[in-house]
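Listed here are the chains, written in short residue letters.
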Amino acid sequence: MAEKVNRWKFVYAALVMQLCLGALYSWSVWRPVLEKLNGWDAKVSIGPYRYSLLFFTVAMIIAGFWQDKKGPKLVGSVGGLLLAAGCLLSAVTWQSEMGLKISYGIIGGLGVLAPTDLWTSEQLTLRLKRNSAERDVNLDGM
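Described in the following lines is the structure provided in the data block. (Residues numbered from 1 in each chain as written. Predicted model: local features only at pLDDT ≥ 70, side-chain atom pairs only at ≥ 80, totals over all residues. Heavy atoms only, no water.)

Now for the overall build of the chain. Within the chain, the secondary structure is distributed over 8 helices and 0 strands. Going residue by residue from the N terminus, the α and β elements of the chain occur as α-α-α-α-α-α-α-α. Across the 142 residues in the chain, those meeting the buried criterion constitute 34%. For the chain, the proportion of contacts with a sequence separation of at least 24, taken over those separated by at least 6, is 72%. Here the chain displays about 9,100 Å² of accessible surface, and carbon together with sulfur accounts for 67% of that area. (Helix = DSSP H or I, 4+ residues; strand = E, 2+ residues; numbered from the N terminus. Buried < 20%, exposed > 50% of the residue type's maximum accessible area, 1.4 Å probe, protein only. Contact = heavy atoms within 4.5 Å. Areas by Shrake-Rupley, 256 points an atom, 1.4 Å probe, with all protein chains shown as cover.)

In this fold, Ser-90 is placed in helix 6 (residues 72–92). Overall, the relative accessible area of 10% leaves Ser-90 in the buried class. In this structure the side chain of Ser-90 is engaged in a polar contact, spanning 2.7 Å, whose partner is the backbone oxygen of Gly-86. Setting aside residues up to four positions removed in sequence, Ser-90 forms contacts with Leu-100, Ser-103 and Tyr-104. (Polar contact = N/O pair within 3.5 Å; in protein donor to acceptor, adjacent residues only side chain to side chain.)

What follows concerns the environment of Trp-30. Positionally, Trp-30 belongs in helix 3 (residues 27–38). Under the relative-accessibility criterion, Trp-30 is labelled partly exposed at 49%. In this structure the C-alpha to C-alpha distance between Trp-30 and Ser-45, which are 15 residues apart in sequence, comes to 9.4 Å.

With that settled, the discussion passes to the nonpolar core. Counting residues in hydrophobic clusters, the biggest one holds 16 residues, and the most contacted among them are Trp-27, Leu-34, Tyr-49, Leu-100, Tyr-104, Val-112 and Leu-113. If we ignore the near neighbours within four places in the chain, the residues touching Trp-27 are Leu-34, Ser-45, Ile-46, Pro-48, Tyr-49, Leu-100 and Tyr-104. (Core = buried A, V, L, I, M, F, W, Y, C linked by side-chain atoms within 4.5 Å.)

The next subject is the environment of Leu-54. Within the secondary structure, Leu-54 sits in helix 5 (residues 47–70). Placed 56 residues apart in sequence, Leu-54 and Leu-110 show a C-alpha to C-alpha distance of 9.2 Å.

Right under this line is the structure:
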C-alpha cells in the first residue's frame, strides 16, 4: 500500500512562498526613494514595475504548462531563484533605469510567476478532493 502523503505541507509551503512574493509589490516603498535619489519623475520610476507586471502575466501561462510537464518542485525552485536574482541585481543597478527594468522588471517578474502558479494549482487540487460545502467556502475565500 502506498504511503499517505500529507498534502497540507505543500499548501503551507506555497503560503510562505506567497508571502515572499510580496517583494514584487514593495515597489511602492522604493519608488519615492529612487525618485529622490536619482532625480527621476513618476514616468521613469514606474517603468520597472510595469515590466514586472507584464512579464509576470505573460510568463505565468508558460509556467503552468511547464509545471504540468516537469512538476512543481523544479518550477518553484527556478521561480524562487529568479526572484532572488532579480532583487539582488536591483540592489546593484538601482541608479540605472534600464538596469532596474531588466533586474526587477524582467528577471524579478519572471521569478514571481512560478510560485504563484504552484499555489493556485495545489489549492485547486485540494478543493476537488473535498465535499461540496467545503469547496464552496474555499471558492468564496479566493
